[in-house]
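So the chains spell out like this:
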Amino acid sequence: MIHPDEALKIVLSCRQRPQVETVPLDQALGRVLAAPVASSMDQPPFSKAAVDGWAWNSEASGLAPESLAVRNVIAAGESDQRPLGAGETVKVMTGAPLPPGADRIQKVECAQESDGAVRFTKPERIDNVIQRGENARTGDTIVSPRQLDAQDLAILAADGRNRVDVAVRPVVGVLSTGAELAQPGENLKPGWIYDSNRTQLAAHLSGIAVIRDFGTLPDDYDATLAAVGSALSQCDVLVLSGGVSMGDYDYVPKALVAAGVRTLFHGVAVKPGKPTFFGTSAKSYVFGLPGNPVSVFVNTEFLVKPLLYGLQGVEYRGLSAPVTLSEGIRRGSTERVEFLPVSIDADGAKPVPYGGSSALQALAHACGFVRLEQGQKEISAGSVVHVRLVR
Ligand code: AMP
Ligand code: MG
(Lines give C-alpha, C1' and ligand atoms only; values in the text may rest on other atoms or scores of the structure.)
(Ligands and ions follow the chains in the order given, each with its own letter.)
Protein backbone atom coordinates (compact mmCIF):
# COMPACT_ATOMS: atom_id res chain seq x y z
CA MET A 1 0.00 0.00 0.00
CA ILE A 2 1.51 3.33 -1.00
CA HIS A 3 0.85 6.83 0.35
CA PRO A 4 -1.66 8.81 -1.75
CA ASP A 5 0.99 11.49 -2.42
CA GLU A 6 3.23 8.79 -3.86
CA ALA A 7 0.30 7.47 -5.93
CA LEU A 8 -0.30 10.96 -7.30
CA LYS A 9 3.39 11.31 -8.10
CA ILE A 10 3.28 8.11 -10.13
CA VAL A 11 0.17 9.31 -11.95
CA LEU A 12 1.73 12.71 -12.66
CA SER A 13 4.90 11.13 -14.00
CA CYS A 14 2.71 9.89 -16.87
CA ARG A 15 2.29 13.52 -17.97
CA GLN A 16 3.25 13.95 -21.60
CA ARG A 17 3.46 16.42 -24.42
CA PRO A 18 0.01 16.32 -25.90
CA GLN A 19 -0.90 16.06 -29.52
CA VAL A 20 -2.29 19.37 -30.71
CA GLU A 21 -5.29 20.18 -32.86
CA THR A 22 -6.79 23.46 -33.97
CA VAL A 23 -10.47 24.03 -33.17
CA PRO A 24 -12.88 26.89 -33.85
CA LEU A 25 -13.10 29.24 -30.88
CA ASP A 26 -16.77 28.41 -30.31
CA GLN A 27 -15.81 24.75 -29.76
CA ALA A 28 -12.89 25.44 -27.44
CA LEU A 29 -14.78 25.70 -24.14
CA GLY A 30 -13.34 23.17 -21.70
CA ARG A 31 -10.45 22.26 -23.98
CA VAL A 32 -6.87 22.57 -22.74
CA LEU A 33 -4.89 25.33 -24.44
CA ALA A 34 -1.77 23.81 -26.02
CA ALA A 35 0.67 26.73 -25.69
CA PRO A 36 0.77 30.24 -24.21
CA VAL A 37 -1.00 32.81 -26.37
CA ALA A 38 0.69 36.19 -26.88
CA SER A 39 -1.40 39.28 -27.46
CA SER A 40 -1.36 40.23 -31.14
CA MET A 41 -2.23 43.84 -30.29
CA ASP A 42 -2.31 46.42 -27.55
CA GLN A 43 -5.48 46.21 -25.43
CA PRO A 44 -7.28 48.42 -25.87
CA PRO A 45 -5.81 49.08 -29.33
CA PHE A 46 -6.43 52.85 -28.98
CA SER A 47 -7.00 55.24 -26.09
CA LYS A 48 -10.72 55.47 -25.60
CA ALA A 49 -13.49 57.02 -23.57
CA ALA A 50 -14.49 55.15 -20.41
CA VAL A 51 -17.65 57.24 -20.08
CA ASP A 52 -20.06 59.29 -22.18
CA GLY A 53 -18.71 62.81 -21.84
CA TRP A 54 -16.74 65.77 -23.06
CA ALA A 55 -13.10 65.23 -24.01
CA TRP A 56 -10.62 68.07 -23.86
CA ASN A 57 -6.91 68.81 -24.02
CA SER A 58 -5.88 69.59 -20.46
CA GLU A 59 -2.39 70.74 -21.46
CA ALA A 60 -3.81 73.35 -23.82
CA SER A 61 -7.02 74.25 -21.92
CA GLY A 62 -6.06 73.55 -18.28
CA LEU A 63 -7.32 70.94 -15.83
CA ALA A 64 -10.52 72.80 -14.94
CA PRO A 65 -11.58 74.99 -17.87
CA GLU A 66 -14.64 77.16 -17.33
CA SER A 67 -16.16 76.76 -20.77
CA LEU A 68 -15.20 74.94 -23.93
CA ALA A 69 -16.47 75.27 -27.48
CA VAL A 70 -18.13 72.15 -28.90
CA ARG A 71 -16.33 70.94 -32.01
CA ASN A 72 -18.17 67.72 -32.89
CA VAL A 73 -19.39 64.34 -31.63
CA ILE A 74 -17.43 61.06 -31.84
CA ALA A 75 -19.41 57.84 -31.46
CA ALA A 76 -17.97 54.41 -30.64
CA GLY A 77 -16.68 52.99 -33.91
CA GLU A 78 -15.86 56.41 -35.42
CA SER A 79 -12.40 57.88 -35.73
CA ASP A 80 -11.48 61.57 -35.79
CA GLN A 81 -7.78 62.24 -36.19
CA ARG A 82 -7.97 66.07 -36.11
CA PRO A 83 -5.96 67.30 -33.09
CA LEU A 84 -8.01 68.87 -30.32
CA GLY A 85 -6.64 72.30 -29.45
CA ALA A 86 -7.06 74.96 -26.75
CA GLY A 87 -10.59 75.98 -25.76
CA GLU A 88 -12.40 73.19 -27.61
CA THR A 89 -14.10 69.95 -26.71
CA VAL A 90 -15.59 66.93 -28.50
CA LYS A 91 -18.48 64.92 -27.18
CA VAL A 92 -17.40 61.26 -26.95
CA MET A 93 -19.49 58.17 -26.34
CA THR A 94 -18.20 55.29 -24.22
CA GLY A 95 -15.70 53.30 -26.31
CA ALA A 96 -15.02 56.13 -28.79
CA PRO A 97 -11.37 56.73 -29.70
CA LEU A 98 -9.98 60.04 -28.48
CA PRO A 99 -8.70 62.52 -31.04
CA PRO A 100 -5.00 63.48 -30.73
CA GLY A 101 -4.45 65.93 -27.86
CA ALA A 102 -7.55 64.89 -25.88
CA ASP A 103 -6.46 63.51 -22.52
CA ARG A 104 -9.38 63.99 -20.09
CA ILE A 105 -13.13 63.49 -20.21
CA GLN A 106 -15.84 65.21 -18.21
CA LYS A 107 -18.87 62.94 -17.66
CA VAL A 108 -22.08 64.19 -19.29
CA GLU A 109 -23.70 64.07 -15.85
CA CYS A 110 -21.24 66.75 -14.66
CA ALA A 111 -21.49 69.19 -17.57
CA GLN A 112 -24.01 71.58 -19.11
CA GLU A 113 -24.20 72.31 -22.81
CA SER A 114 -25.79 75.42 -24.27
CA ASP A 115 -25.29 77.48 -27.42
CA GLY A 116 -22.38 75.43 -28.72
CA ALA A 117 -20.43 75.64 -25.46
CA VAL A 118 -20.00 73.32 -22.48
CA ARG A 119 -19.54 74.28 -18.82
CA PHE A 120 -18.25 71.78 -16.29
CA THR A 121 -20.40 71.76 -13.17
CA LYS A 122 -18.24 69.52 -10.96
CA PRO A 123 -14.52 68.78 -11.15
CA GLU A 124 -13.57 65.23 -12.25
CA ARG A 125 -10.96 63.51 -10.08
CA ILE A 126 -9.94 61.00 -12.74
CA ASP A 127 -9.27 61.28 -16.47
CA ASN A 128 -11.99 58.79 -17.55
CA VAL A 129 -9.68 57.55 -20.31
CA ILE A 130 -8.71 53.92 -20.93
CA GLN A 131 -5.19 54.23 -22.27
CA ARG A 132 -4.01 52.25 -25.27
CA GLY A 133 -2.26 49.09 -24.01
CA GLU A 134 -3.33 49.55 -20.40
CA ASN A 135 -4.82 46.04 -20.19
CA ALA A 136 -2.25 44.20 -22.31
CA ARG A 137 0.68 45.06 -24.56
CA THR A 138 1.44 43.39 -27.87
CA GLY A 139 3.41 40.23 -27.05
CA ASP A 140 2.18 39.89 -23.47
CA THR A 141 0.99 36.38 -22.55
CA ILE A 142 -2.78 36.70 -22.29
CA VAL A 143 -3.76 33.04 -21.73
CA SER A 144 -1.49 30.23 -20.49
CA PRO A 145 -2.10 26.50 -21.01
CA ARG A 146 -5.11 25.56 -18.91
CA GLN A 147 -8.64 24.33 -19.38
CA LEU A 148 -10.32 27.17 -21.23
CA ASP A 149 -13.31 28.82 -19.58
CA ALA A 150 -15.61 31.64 -20.64
CA GLN A 151 -13.14 34.28 -19.47
CA ASP A 152 -10.29 32.76 -21.47
CA LEU A 153 -12.43 32.47 -24.60
CA ALA A 154 -13.44 36.13 -24.26
CA ILE A 155 -9.77 37.13 -24.03
CA LEU A 156 -8.94 35.10 -27.15
CA ALA A 157 -11.92 36.60 -29.00
CA ALA A 158 -10.83 40.11 -27.96
CA ASP A 159 -7.49 39.35 -29.57
CA GLY A 160 -9.30 38.58 -32.82
CA ARG A 161 -8.74 34.85 -32.82
CA ASN A 162 -11.41 32.54 -34.20
CA ARG A 163 -9.31 29.37 -33.91
CA VAL A 164 -7.22 28.02 -31.08
CA ASP A 165 -4.63 25.27 -30.64
CA VAL A 166 -5.69 22.78 -27.99
CA ALA A 167 -4.55 19.40 -26.72
CA VAL A 168 -6.23 16.39 -28.29
CA ARG A 169 -8.54 14.97 -25.60
CA PRO A 170 -7.82 11.46 -24.40
CA VAL A 171 -10.44 8.82 -25.08
CA VAL A 172 -11.55 7.47 -21.70
CA GLY A 173 -13.40 4.19 -21.45
CA VAL A 174 -15.71 3.60 -18.51
CA LEU A 175 -16.64 0.08 -17.49
CA SER A 176 -18.50 -1.19 -14.43
CA THR A 177 -18.04 -4.64 -12.98
CA GLY A 178 -20.46 -6.28 -10.58
CA ALA A 179 -22.94 -9.17 -10.84
CA GLU A 180 -25.38 -7.12 -8.75
CA LEU A 181 -25.67 -4.19 -11.14
CA ALA A 182 -28.86 -3.21 -12.92
CA GLN A 183 -29.15 -0.30 -15.31
CA PRO A 184 -31.20 2.75 -14.29
CA GLY A 185 -34.67 2.34 -15.77
CA GLU A 186 -34.63 -1.44 -15.40
CA ASN A 187 -36.34 -3.39 -12.64
CA LEU A 188 -34.15 -4.43 -9.71
CA LYS A 189 -33.85 -8.13 -8.88
CA PRO A 190 -33.53 -9.09 -5.21
CA GLY A 191 -30.04 -8.21 -3.99
CA TRP A 192 -29.31 -5.96 -6.94
CA ILE A 193 -28.54 -2.25 -7.02
CA TYR A 194 -28.32 0.26 -9.81
CA ASP A 195 -25.03 0.93 -11.54
CA SER A 196 -24.38 4.57 -10.68
CA ASN A 197 -20.63 4.56 -11.19
CA ARG A 198 -20.68 4.58 -14.96
CA THR A 199 -23.03 7.56 -14.97
CA GLN A 200 -20.89 9.27 -12.36
CA LEU A 201 -17.61 8.64 -14.18
CA ALA A 202 -18.92 9.68 -17.58
CA ALA A 203 -20.35 12.89 -16.13
CA HIS A 204 -17.31 13.66 -14.00
CA LEU A 205 -14.89 13.22 -16.88
CA SER A 206 -16.85 14.32 -19.94
CA GLY A 207 -15.59 17.89 -19.59
CA ILE A 208 -11.98 16.81 -19.99
CA ALA A 209 -12.09 13.64 -22.11
CA VAL A 210 -13.99 11.86 -24.86
CA ILE A 211 -16.00 9.20 -23.06
CA ARG A 212 -16.50 5.71 -24.43
CA ASP A 213 -18.99 3.57 -22.55
CA PHE A 214 -18.09 -0.11 -22.27
CA GLY A 215 -21.12 -1.06 -20.25
CA THR A 216 -21.42 -3.33 -17.24
CA LEU A 217 -19.79 -6.71 -16.73
CA PRO A 218 -20.68 -9.55 -14.40
CA ASP A 219 -17.99 -10.77 -11.98
CA ASP A 220 -16.58 -13.30 -14.40
CA TYR A 221 -12.87 -13.68 -15.09
CA ASP A 222 -13.10 -14.67 -18.76
CA ALA A 223 -15.67 -12.00 -19.56
CA THR A 224 -13.53 -9.40 -17.77
CA LEU A 225 -10.36 -10.47 -19.58
CA ALA A 226 -12.06 -10.29 -22.99
CA ALA A 227 -13.70 -6.95 -22.24
CA VAL A 228 -10.61 -5.19 -20.88
CA GLY A 229 -8.45 -6.52 -23.72
CA SER A 230 -10.83 -5.03 -26.25
CA ALA A 231 -11.42 -1.81 -24.30
CA LEU A 232 -7.71 -1.13 -23.80
CA SER A 233 -7.13 -1.21 -27.54
CA GLN A 234 -9.84 1.44 -28.03
CA CYS A 235 -8.97 4.06 -25.46
CA ASP A 236 -6.13 6.05 -23.94
CA VAL A 237 -7.37 5.58 -20.39
CA LEU A 238 -9.72 2.91 -19.10
CA VAL A 239 -11.50 3.44 -15.79
CA LEU A 240 -13.13 0.39 -14.24
CA SER A 241 -15.19 0.31 -11.12
CA GLY A 242 -15.59 -2.65 -8.78
CA GLY A 243 -13.81 -5.94 -8.45
CA VAL A 244 -10.38 -4.71 -7.35
CA SER A 245 -10.55 -5.75 -3.71
CA MET A 246 -10.03 -9.00 -1.81
CA GLY A 247 -13.37 -10.69 -2.52
CA ASP A 248 -13.68 -14.13 -4.10
CA TYR A 249 -15.09 -12.55 -7.26
CA ASP A 250 -12.76 -9.56 -7.54
CA TYR A 251 -11.13 -10.48 -10.85
CA VAL A 252 -10.21 -7.10 -12.24
CA PRO A 253 -6.47 -6.80 -11.32
CA LYS A 254 -5.82 -10.41 -12.39
CA ALA A 255 -7.63 -9.90 -15.69
CA LEU A 256 -5.78 -6.62 -16.32
CA VAL A 257 -2.40 -8.23 -15.75
CA ALA A 258 -3.39 -11.14 -18.00
CA ALA A 259 -4.40 -8.59 -20.65
CA GLY A 260 -0.86 -7.16 -20.60
CA VAL A 261 -1.22 -4.37 -18.07
CA ARG A 262 1.83 -3.56 -15.96
CA THR A 263 0.83 -2.71 -12.39
CA LEU A 264 2.05 0.73 -11.25
CA PHE A 265 0.29 0.50 -7.91
CA HIS A 266 -2.44 -1.56 -6.31
CA GLY A 267 -3.40 -0.34 -2.85
CA VAL A 268 -3.28 3.24 -1.61
CA ALA A 269 -3.33 4.34 2.04
CA VAL A 270 -6.36 6.49 1.42
CA LYS A 271 -9.92 6.42 2.69
CA PRO A 272 -12.03 5.90 0.72
CA GLY A 273 -10.27 4.01 -2.03
CA LYS A 274 -7.74 1.65 -0.46
CA PRO A 275 -7.76 -1.09 -3.17
CA THR A 276 -7.30 1.38 -6.05
CA PHE A 277 -5.33 -0.06 -8.97
CA PHE A 278 -3.31 1.85 -11.57
CA GLY A 279 -1.41 0.32 -14.45
CA THR A 280 -0.24 0.83 -17.98
CA SER A 281 -0.37 -1.22 -21.16
CA ALA A 282 1.16 -0.69 -24.58
CA LYS A 283 -0.84 2.40 -25.46
CA SER A 284 -3.05 3.13 -22.51
CA TYR A 285 -3.45 3.63 -18.79
CA VAL A 286 -5.97 1.90 -16.60
CA PHE A 287 -7.53 2.62 -13.24
CA GLY A 288 -9.41 -0.01 -11.30
CA LEU A 289 -11.44 1.85 -8.69
CA PRO A 290 -13.22 0.14 -5.82
CA GLY A 291 -16.95 0.01 -6.51
CA ASN A 292 -18.28 2.09 -3.66
CA PRO A 293 -19.48 5.29 -5.29
CA VAL A 294 -17.76 7.73 -2.91
CA SER A 295 -14.47 5.89 -3.52
CA VAL A 296 -15.07 6.36 -7.21
CA PHE A 297 -15.71 10.06 -6.75
CA VAL A 298 -12.73 10.76 -4.48
CA ASN A 299 -10.26 8.77 -6.54
CA THR A 300 -11.51 10.25 -9.78
CA GLU A 301 -10.98 13.70 -8.32
CA PHE A 302 -7.56 13.03 -6.80
CA LEU A 303 -6.00 10.53 -9.24
CA VAL A 304 -7.92 10.09 -12.50
CA LYS A 305 -8.37 13.77 -13.28
CA PRO A 306 -4.71 14.62 -12.63
CA LEU A 307 -3.81 11.93 -15.19
CA LEU A 308 -6.26 13.24 -17.79
CA TYR A 309 -5.02 16.81 -17.43
CA GLY A 310 -1.41 15.58 -17.38
CA LEU A 311 -1.95 13.76 -20.68
CA GLN A 312 -3.03 17.15 -22.04
CA GLY A 313 0.09 18.85 -20.75
CA VAL A 314 -1.21 20.68 -17.68
CA GLU A 315 -1.32 20.11 -13.96
CA TYR A 316 -4.66 19.63 -12.20
CA ARG A 317 -4.76 20.92 -8.66
CA GLY A 318 -8.42 21.78 -8.21
CA LEU A 319 -9.60 24.73 -6.16
CA SER A 320 -8.79 24.84 -2.48
CA ALA A 321 -9.87 27.48 0.03
CA PRO A 322 -9.00 28.09 3.68
CA VAL A 323 -12.21 27.88 5.72
CA THR A 324 -12.84 27.87 9.48
CA LEU A 325 -14.37 24.64 10.81
CA SER A 326 -17.65 25.40 12.52
CA GLU A 327 -17.88 21.83 13.86
CA GLY A 328 -14.98 19.65 14.86
CA ILE A 329 -13.97 16.48 12.99
CA ARG A 330 -13.07 13.25 14.80
CA ARG A 331 -12.30 9.83 13.45
CA GLY A 332 -11.47 6.39 14.82
CA SER A 333 -8.75 4.77 12.78
CA THR A 334 -5.92 7.01 11.61
CA GLU A 335 -3.98 4.55 9.47
CA ARG A 336 -4.87 6.16 6.18
CA VAL A 337 -5.12 9.64 4.76
CA GLU A 338 -8.84 10.39 4.71
CA PHE A 339 -10.93 12.71 2.61
CA LEU A 340 -14.06 13.74 4.49
CA PRO A 341 -16.97 15.47 2.78
CA VAL A 342 -17.89 18.90 4.18
CA SER A 343 -20.46 21.56 3.48
CA ILE A 344 -19.79 25.28 3.74
CA ASP A 345 -22.17 27.96 4.96
CA ALA A 346 -21.83 31.42 6.50
CA ASP A 347 -20.45 29.88 9.75
CA GLY A 348 -17.70 27.98 7.96
CA ALA A 349 -17.17 24.35 6.99
CA LYS A 350 -18.66 21.34 8.75
CA PRO A 351 -18.67 17.62 8.06
CA VAL A 352 -21.81 16.37 6.33
CA PRO A 353 -23.55 13.32 7.83
CA TYR A 354 -21.53 10.57 6.20
CA GLY A 355 -21.58 6.83 6.67
CA GLY A 356 -18.52 5.97 4.59
CA SER A 357 -17.69 5.11 1.02
CA SER A 358 -21.09 3.68 0.11
CA ALA A 359 -22.88 6.86 1.29
CA LEU A 360 -23.29 8.38 -2.14
CA GLN A 361 -26.23 10.50 -0.97
CA ALA A 362 -23.91 12.42 1.39
CA LEU A 363 -22.28 13.92 -1.68
CA ALA A 364 -25.48 15.83 -2.39
CA HIS A 365 -24.65 17.96 0.66
CA ALA A 366 -20.88 18.24 0.23
CA CYS A 367 -19.16 21.04 -1.61
CA GLY A 368 -15.68 19.88 -0.79
CA PHE A 369 -13.37 17.58 1.12
CA VAL A 370 -11.10 18.05 4.12
CA ARG A 371 -7.98 15.92 4.16
CA LEU A 372 -6.87 14.25 7.38
CA GLU A 373 -3.29 13.01 7.43
CA GLN A 374 -2.10 9.62 8.65
CA GLY A 375 -2.03 9.69 12.46
CA GLN A 376 -4.35 12.71 12.62
CA LYS A 377 -7.33 11.86 14.79
CA GLU A 378 -9.21 15.12 14.90
CA ILE A 379 -9.43 18.72 13.88
CA SER A 380 -11.09 20.96 16.44
CA ALA A 381 -13.84 23.46 15.74
CA GLY A 382 -12.41 26.90 15.05
CA SER A 383 -9.39 25.56 13.15
CA VAL A 384 -8.80 26.82 9.65
CA VAL A 385 -8.76 23.92 7.20
CA HIS A 386 -8.10 23.78 3.50
CA VAL A 387 -11.25 22.62 1.79
CA ARG A 388 -10.71 21.08 -1.61
CA LEU A 389 -13.76 22.35 -3.46
CA VAL A 390 -15.60 20.04 -5.82
CA ARG A 391 -18.59 22.20 -6.66
P1 AMP B 1 -16.56 -3.95 -5.08
O2 AMP B 1 -15.51 -2.89 -5.19
O3 AMP B 1 -16.86 -4.61 -6.38
O4 AMP B 1 -16.25 -4.89 -3.98
O5 AMP B 1 -17.89 -3.18 -4.68
C6 AMP B 1 -17.97 -2.46 -3.48
C7 AMP B 1 -19.37 -1.97 -3.26
O8 AMP B 1 -19.69 -1.03 -4.28
C9 AMP B 1 -20.43 -3.03 -3.32
O10 AMP B 1 -21.41 -2.78 -2.32
C11 AMP B 1 -21.02 -2.88 -4.70
O12 AMP B 1 -22.33 -3.35 -4.79
C13 AMP B 1 -20.91 -1.40 -4.93
N14 AMP B 1 -20.78 -1.11 -6.35
C15 AMP B 1 -19.96 -1.76 -7.20
N16 AMP B 1 -20.09 -1.28 -8.44
C17 AMP B 1 -21.03 -0.31 -8.38
C18 AMP B 1 -21.60 0.54 -9.35
N19 AMP B 1 -21.23 0.49 -10.62
N20 AMP B 1 -22.52 1.43 -8.94
C21 AMP B 1 -22.88 1.49 -7.64
N22 AMP B 1 -22.38 0.70 -6.69
C23 AMP B 1 -21.47 -0.20 -7.04
MG1 MG C 1 -17.97 -6.17 -6.97
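Use the structure listed above.
Heads up: these notes are all about the structure in this document. Residue positions are counted from 1 within each chain, in the order its sequence is given. Here the convention is simple: chains get letters from A, ligands get numbers from 1, in the order in which they are written. At least 70 in pLDDT is required for a residue's local features to be given in this predicted model, at least 80 for side-chain atom pairs to be given and counted, and no such filter applies to totals for whole chains, interfaces and linings, which use all residues. Derived side-chain values reflect all non-hydrogen atoms in the structure, with water molecules and hydrogen atoms excluded from consideration.

Things to note about the packing of helix α4 (residues 197-205) against helix α7 (residues 293-310)
To keep things clear, this is the line we draw: To get an axis, fit a line to the C-alpha atoms, keeping to the stretch in contact for a helix; angles then go from 0 to 180 degrees between the N-to-C directions. By definition, any uninterrupted DSSP run of H or I lasting at least four residues is a helix, any uninterrupted run of E lasting at least two residues is a strand, and each is numbered from the N terminus. By definition in this entry, angles of less than 35 degrees are roughly parallel, angles greater than 145 are roughly antiparallel, angles of 65 to 115 are roughly perpendicular, and the rest are oblique. Crossings are sorted by hand: turned counterclockwise from the far helix by less than a right angle, the near helix makes the crossing left-handed, and turned clockwise it makes it right-handed. We call two residues in contact when some of their heavy atoms are within 4.5 Å. Residues are grouped as follows: Ala, Val, Leu, Ile, Met, Phe, Trp, Tyr, Cys and Pro are nonpolar; Asp, Glu, Lys and Arg are charged; every other residue, Gly included, is polar.
Following both chains from N to C, one finds α4 and α7 inclined at 30°, their axes separated by 11 Å at the closest point. One finds that α4 runs roughly parallel with respect to α7. α4 and α7 meet at a crossing whose hand is right-handed. Each of N197, Q200, L201, H204 and L205 in α4 lies in contact with α7, whose residues at this interface are P293, V296, F297, T300, E301, V304, K305 and L308. Along the lines of polarity and charge, the residues of the contact of α4 with α7 split into seven nonpolar, four polar and two charged.

A look at the site of ligand 1
Applicable threshold: Nearness here has a simple test: a residue counts as near a molecule or strand if at least one of its heavy atoms is within 4 Å of that partner. In protein, a polar contact requires one atom able to donate a hydrogen and another able to accept it; more generally it is a pair of N or O atoms within 3.5 Å, and residues adjacent in sequence count only if both atoms are side-chain atoms. Each accessible area is a Shrake-Rupley estimate made with a 1.4 Å probe; only the visible protein chains count as cover when residues are assessed.
Near ligand 1 you find 15 residues, and of these E180, D195, N197, G243 and G291 are the closest. Within the side chain of D195, one N or O atom sits 2.8 Å away from a nitrogen atom of ligand 1. G243 has a polar backbone atom sitting 2.9 Å from an oxygen atom of ligand 1. Notes on ligand 1: free accessible area 490 Å², of which the protein chains cover 77%. Classifying every residue of the shell around ligand 1 by side-chain character gives four nonpolar, nine polar and two charged.

Re the packing of aromatic side chains
Quick reminder of the rule: Think of it this way: a Phe, Tyr or Trp ring, Trp meaning its six-membered ring, pairs with another when their centres are within 6.5 Å, and the plane angle makes it stacked under 30 degrees, edge-to-face over 60, tilted otherwise. When accessible area is computed with a 1.4 Å probe and restricted to protein chains, residues below 20% of their type maximum are described as buried, those above 50% as exposed, and intermediate ones as partly exposed. Criterion for a charge above a ring: Lys NZ or Arg CZ within 6 Å of the ring centre, and within 35 degrees of the ring normal.
Scanning all chains against the criterion turns up eight aromatic pairs. Between Y221 and Y251, the ring centres sit 6.1 Å apart and the planes meet at 70°, which makes this aromatic pair edge-to-face. Taken together, the positions of Y221 in helix α5 (residues 221-232) and Y251 in the loop between β17 (237-241) and α6 (252-258) put the pair 30 residues apart, joining distant regions of the chain. The class of Y221 is partly exposed, set by a relative accessible area of 22%. Taken together through their ring pairs, the aromatic side chains of F265, F278, Y285 and F287 make up a single cluster. Above the ring of Y221, the side-chain terminus of K254 is found at 4.6 Å from the ring centroid.

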